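Coordinate inspection notes
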Amino acid sequence: MRYEILGPLRVIDGKNATTIRAQKVEILLVALVIRADQVVSTDQLIREIWGEEPPRSATASLYVYISQIRKLLRRPGTAGSPVLTRPPGYMLTPGPDALDLHDFTRLLKEGREHLRSRRYEAAVRGFEDALGLCRGPLLADIARGPILQGFRTWFNEAQLECKESLMDAHLALGRHRELVGDLYLLSTEHPMREAFHRQLMLALHRSGCRGDALLVYQRARRTLRDELGVEPGSALKDIQRVILTDDGSIGSGSGR
């Protein structure tokens, strides 16, 4: 059985993929998957489902939802359930079963190691495979409690790191012209993320568009000043300075 939470929740058993339509049950199972092999207290689970003002029936309803999840995860011919009662709450024990979350973190780690070792093709494959596991909006986007909210924050940051590192690996392989469109999109979608502006400036400059690269810096600087009241960081300032004084020395390489 495989648990997938990097998008709408799916439980896959062989060729069968199951989704849960009841939102509260879905939130409960996602919280248990995020904390797999750890005990999550009844109070924590109630807060995840109902927030700070749960109804009086919350504890009784939680018991019902746990029963429904156990029924969903029960395999023919097995007496036990991967959802165990462990005071003061419950614990999901996936065992050897796969979690897409674990696959994502493994691929991201491998990609980082390849990038540090300048194995850029392998890094690209690792980051692309990691991003390929991200299937769409997370259930955590409607999270009420700290487990799902914390997971959403971590995962959003991990995805952005993965995209940044993927762009760096592509740049190191000399694919600057192919990246310009993607980097324009990423820098527009994430205007406070200075790395995307830096990468776009580098890709444009290497593509012979020095003026456009400098315009990107001015746009980024204006956005940061207007939105946050700060100047660009040293990395962005450095790439602007290098472009202004470039004698052709950054026409190749990673620019990291």
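Everything numeric in this text was worked out from a predicted model, so none of it was measured.

**Points about helix H9 (residues 210-228)**
Owing to its 3.6 residues per turn, the α-helix aligns residues three or four sequence positions apart on the same side. With 19 residues, H9 should cover 27 Å at 1.5 Å per step; its first-to-last C-alpha distance of 27 Å lies within 8% of that length. Residues of H9 that are buried: Ala213, Val216, Tyr217, Ala220 and Leu224. Down the axis of H9, the buried set is contained in an arc of 100°. They therefore lie on one face. Opposite its buried face, H9 presents the exposed residues Leu215 and Asp226, each directed more than 90 degrees away. Of the surrounding secondary structure, the elements contacted by the buried residues of H9 are helix H7 (176-189), helix H8 (194-206) and helix H10 (234-244). Two residues or fewer after H9 comes glycine 229, characterised by a positive phi angle close to 70°.

**Quick look at the environment of glycine 132**
The topology assignment puts glycine 132 in helix H5 (residues 120-132). Sequence-wise, glycine 132 and phenylalanine 104 are 28 residues apart; in three dimensions their C-alpha atoms are separated by 9.0 Å.

**Points about the confidence of the model for the protein chain**
Confidence in the prediction of the protein chain, expressed as mean pLDDT, is 92, and 94% of residues score 70 or more. Confidence drops under pLDDT 50 across residues 252-256; counting only partners more than four residues distant or on other chains, this segment forms 15 contacts.

**Section: a nonpolar patch on the surface**
Side chains of Met192, Leu228 and Val230 sit close together on the surface and give an oily, nonpolar patch of about 240 Å² of accessible area. With respect to the helices and strands, leucine 228 occurs in helix H9.

**Points about the nonpolar core**
Counting residues in hydrophobic clusters, the biggest one holds 76 residues, and the most contacted among them are Ile5, Leu28, Leu32, Leu73 and Leu148. The greatest single-element share of this core, amounting to twelve residues, is contributed by helix H6 (residues 146-172). Ignoring anything within four residues of it in the chain, the contact list for leucine 28 reads Leu45, Ile49, Leu62, Tyr65, Ile66 and Ile69.

Rules used throughout
- Residues numbered from 1 in each chain as written.
- Predicted model: local features only at pLDDT ≥ 70, side-chain atom pairs only at ≥ 80, totals over all residues.
- Heavy atoms only, no water.
- Helix = DSSP H or I, 4+ residues; strand = E, 2+ residues; numbered from the N terminus.
- Expected span 1.5 Å × (residues − 1).
- Buried < 20%, exposed > 50% of the residue type's maximum accessible area, 1.4 Å probe, protein only.
- Arc of directions from axis to C-beta.
- Contact = heavy atoms within 4.5 Å.
- pLDDT = per-residue confidence, 0-100.
- Patch = residues over 30% accessible without salt bridge, like charges linked within 9 Å, V, L, I, M, F, W, Y side chains within 5 Å.
- Areas by Shrake-Rupley, 256 points an atom, 1.4 Å probe, with all protein chains shown as cover.
- Salt bridge = Lys/Arg side-chain N within 4 Å of Asp/Glu carboxyl O.
- Core = buried A, V, L, I, M, F, W, Y, C linked by side-chain atoms within 4.5 Å.

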